[in-house]
Structure formats: structure tokens, C-alpha cells
Amino acid sequence: MADSLYGISEESKSIWVYLEVDGDQLAAVSLELVAKGREVCDQLGWKLSGLLLGNQVSKLAKTGFAYGLDEIWLGDAPLLDLFTIEAYSHAAYQAIMHAKPSVFLLGATPNGRDLAGRLAVRLGTGLNADCTGLYMNAEHKRLVCEVSGFGGGILALIEMAKHRPQMATVRPGVFSIGSPDYPGRGNLIELDLDFSKLLIDTKLSEKLVGQQVDLTSVSILIAGGRGLGGDFAMLENLARMLGGDIGATRPPVDEGHIERERQIGQTGVITSPKIAICCGISGAFHFVVGIEKADLVIAINSDPEAPIFDYADYCIVADVHEVIPALITALSREREVAVG
């Protein structure tokens, strides 16, 4: 691999987080990365910085500081009003080459992935994509990225020995958001951006925002596996009664029983519900990492040796097709009594 535009001898001992803007606030995944970055920087004595790009977004800097950023590099310009890869990558490139951070982290969102890929090429560095874990190699002060492969069958640990910045995209929900307990003040550095409309080839003709599935913030999750036999209508009924939402392991997704956006685990979504009800799920490791942050796990499986029981707080050895309908009936009766 060719040399990056700067190396270890030129890097600043800092971790940068791309502060993605979601409507009128910072994206949740960005705040998750700020929390993780704060933890690592406190251990190493490094600086934690944010890169904030957009139009009239300076007011969001206070939020970034409140969650623990030491400084924010601000690119505020009309040409950054809507995300275009030409404008955003150009602005980010200028900021990174000025400060030369050791690490640059982005959320694995559509825009974050787009920006990360373009920047990695321009900077001549590597990119660890869709990471499910991060930590620092204490001896060499190098970022270690956990990346799954082969459908979650393996977990690779990747380090960048020489190339800088060490770049990674991280899936939403992998880390927890910290608390806004910091003073809300820091060093705000305004970028003097050098670009014009001639730089931007992308033209936005129409913006359509669809209804998206977001299992990262659901409080009650009902997940189905191969043992469910594709009967997700039953789980949808239970989810409506409990005010939750449904998810799945990989086999039902591959078989077309449910949308891929609802796949949970290393190759899907990382969740942190208050309650996770796992129905007909064997409990392979690449699924379990998607629910390990749940406050309470209830597992229903007819196989008493199913690995999912090793992770569950409550274990029900029974046929899910008997348990779930019985639970729905019991809940319906309770509601009738309450109403009556």
C-alpha cells in the first residue's frame, strides 16, 4: 500500500469524531463515538475533537462540548447546507490536513460511509468499515478495530501500523451515549474553507425522506429466529401490545420473511432495549452481540441446550408457537379487565 499523506511522526495525539447533523441536532451515533473517544482520550491524555460541517450549525457546538469534546472544527457555509460528497469531502480534507489527527471516527450511516470512503482515498490511508468495537493498543498507541466477516462467523482485529489518520466507521448502537455533564464550552475553530459551486457536480433534484426502521432506540424488542418458521405476524401482534418492535436473526432475513433493516447482530443492528424477547433463536455469537446491552433478556426455545439460554435472564423451554399465542391471550384478557 502506498504511503499516506502524513504518518506517525507528523500526527497530533488526538481523536477526531465526525459530528453528523441529523435535522436540527447531532446524530445519535456521533454522540456515541464522542463518549467512546472521551474514554480513550482520558486514558491516553489525548485531545478529543469534533468536525462539524453544515450550514448555520454553529449552535450545535455547545451540544458537542457538553458531551465531552475539547475542541470543535467548524465548517459553516451555504454550500454545506445539504450533503454532497464533493463539498463535504473537500471541507473535511482541508481540516484533517491542517490538524493531522491520529484517529478519525465516523458513524456507519449512508453519509458517513460515503464520506469515509472518499476521504480514505484522498488521504492515502486505510479504512476499517462497519466496526463493532474499538479500543487502543496500549503499547503502540494504535487503534484496534473489531470487524466481523463471513456473515459474522469470524471477528477480525485490525490495526494500522503506519498510515494516518487511522479511520473507522462504527455502526449505530455499538456504544452508549454519555451524559451531557461537561461545561459546554471548548475551543471552537472556524475553518476558512476554500471551495466554490464549480467544485460540486452533484445536483439535488428532489429530497424524499422515507419511513426508516430504527431498532437502536426501541425499549422492547421481540426478535425471531429460524425456529419461528417465518411467522413474524405473531411477533408483530405481541410487539403492538407491548409497545415494542420486531427484529430477526440472519436466516429469516435471508429467506425473505422480514426486511434486512431488522436484522440484529454483528452483520445487522446493535440494540440496547430494556427488554429483549428472543423467540426460536439458537443464540449464535454473531446474534448475541446485537442484544448484549439489553437490560433483560427472555429466551423461548424448545431446545434446552440452545446457547441463547447462557445469555438469558429468563429461560422458557417450550415451543414458541404455543408460548407467544398464550402470552397474547393473557395480555388481551388483562386489557379487557382493565377496560371493564
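Preceding this section is the structure that the text describes.
No experiment lies behind these values; they were computed from the predicted model shown.

**Overview of the pairing of strand β11 (residues 166-170)**
- With five of five residues buried, β11 is to be regarded as a mostly interior element.
- Burial of β11 is two-sided: the residues Q166, A168 and V170 facing one way and the residues M167 and T169 facing the other way are all buried.
- Relative to β11, strand β6 (residues 101-107) is paired through five bridges, and the arrangement is parallel. When the sheet's bridge partners are listed, G107 is paired in β11 with V170.
- Note that strand β7 (residues 127-131) and β11 share three bridges and pair parallel. When the sheet's bridge partners are listed, N128 is paired in β11 with A168.

**Let's talk about the nonpolar core**
- Core analysis: the biggest nonpolar cluster contains 33 residues, and I15, L19, L52, L105, L134 and L143 have the highest contact counts within it.
- Leave out the neighbours within four places in its chain, and L52 touches L19, V21, L26, V57, L60, A61, I72, W73, L74 and G75.
- I85, A99, A120 and I200 belong to the second largest nonpolar core, which has 28 residues in total.

**Description of helix α1 (residues 28-44)**
- End to end, α1 covers 25 Å across 17 residues, agreeing with the expected 24 Å (1.5 Å per residue, within 8%).
- Taken across its 17 residues, α1 has 12 buried, putting it largely inside the fold.
- Within the sequence span of α1, burial applies to V29, S30, L31, E32, L33, V34, A35, K36, G37, R38, V40 and C41.
- Each element contacted by the buried residues of α1 is listed here: β1 (12-19), β3 (25-26), β4 (47-54), β6, β8 (133-137) and β11.

**Side note on the packing of aromatic side chains**
- For the structure on display, the rule yields three aromatic pairs.
- Look at W16 and W73: their rings are 5.4 Å apart centre to centre, the planes differ by 40°, and that puts the pair in the tilted class. Of the two residues, W16 is situated in strand β1 and W73 in strand β5 (residues 71-76); the sequence distance between them amounts to 57 residues. Each member of the pair, W16 as well as W73, carries the same accessibility label: buried.
- Arranged with centres 4.8 Å apart and planes meeting at 50°, the rings of F83 and Y88 form a pair that is tilted.
- You can call F83 partly exposed: its relative accessible area is 22%.
- A relative accessible area of 5% places Y88 in the buried class.
- Aromatic rings pair up to connect W16, W73 and F104 into one cluster.
- When the ring centre of Y93 is taken as origin, the NZ or CZ atom of R122, which lies over that ring, is 4.0 Å away.

**What to know about helix α4 (residues 110-123)**
- Compared with the 20 Å implied by 1.5 Å per residue over 14 residues, the 20 Å span of α4 between its first and last C-alpha is a close match.
- Residues of α4 that are buried include every one of G112, L115, A116, L119, A120 and L123, and no others. Summarising the axial view, the buried residues of α4 lie within an arc of 130°, below the 170-degree limit, and thus occupy one face. Exposed side of α4, more than 90 degrees from the buried face: P110 and V121 are the residues found there.
- Of the surrounding elements, those touching the buried residues of α4 are β1, α3 (85-99), β6, β7 and β11.
- Count one or two residues on from α4 and you reach G124, which has phi positive near 70°.

**Brief notes about the packing of α3 against α4**
- Contact geometry of α3 with α4 gives a least axis separation of 10 Å together with a crossing angle of 50°. What the angle tells us is that α3 and α4 run oblique. Here the hand of the crossing between α3 and α4 comes out right-handed. Seen from α3, the contacting residues are I85, Y88, S89, H90, A92, Y93, I96 and M97; seen from α4, they are D114, L115, R118, L119, R122 and L123.
- Grouping the constituent residues of the contact of α3 with α4 by class yields nine nonpolar, two polar and three charged.

**Brief notes about the pattern of salt bridges**
- Across all of its chains, the model carries 13 salt bridges by this definition.
- Here D254 makes a salt bridge to R260, at a shortest N to O gap of 3.0 Å.
- Since its relative accessible area comes to 45%, D254 is described here as partly exposed.
- Close ionic contact of R262 with E259 constitutes a salt bridge, the shortest N to O distance being 3.5 Å.
- The exposure class of E259 is partly exposed, given its relative accessible area of 40%.

Reading the values: the criteria
- Residues numbered from 1 in each chain as written.
- Predicted model: local features only at pLDDT ≥ 70, side-chain atom pairs only at ≥ 80, totals over all residues.
- Heavy atoms only, no water.
- Buried < 20%, exposed > 50% of the residue type's maximum accessible area, 1.4 Å probe, protein only.
- Helix = DSSP H or I, 4+ residues; strand = E, 2+ residues; numbered from the N terminus.
- Pairing = 2+ DSSP bridges.
- Core = buried A, V, L, I, M, F, W, Y, C linked by side-chain atoms within 4.5 Å.
- Contact = heavy atoms within 4.5 Å.
- Expected span 1.5 Å × (residues − 1).
- Phe/Tyr/Trp six-rings, centres within 6.5 Å; stacked < 30°, edge-to-face > 60°.
- Lys NZ or Arg CZ within 6 Å of the ring centre and 35° of its normal.
- Arc of directions from axis to C-beta.
- Axes fitted to C-alpha atoms, helices over the stretch in contact; angles between N-to-C directions.
- Parallel < 35°, antiparallel > 145°, perpendicular 65-115°, else oblique.
- Left-handed = near helix turned anticlockwise from the far one by under 90°.
- Nonpolar A, V, L, I, M, F, W, Y, C, P; charged D, E, K, R; others polar.
- Salt bridge = Lys/Arg side-chain N within 4 Å of Asp/Glu carboxyl O.

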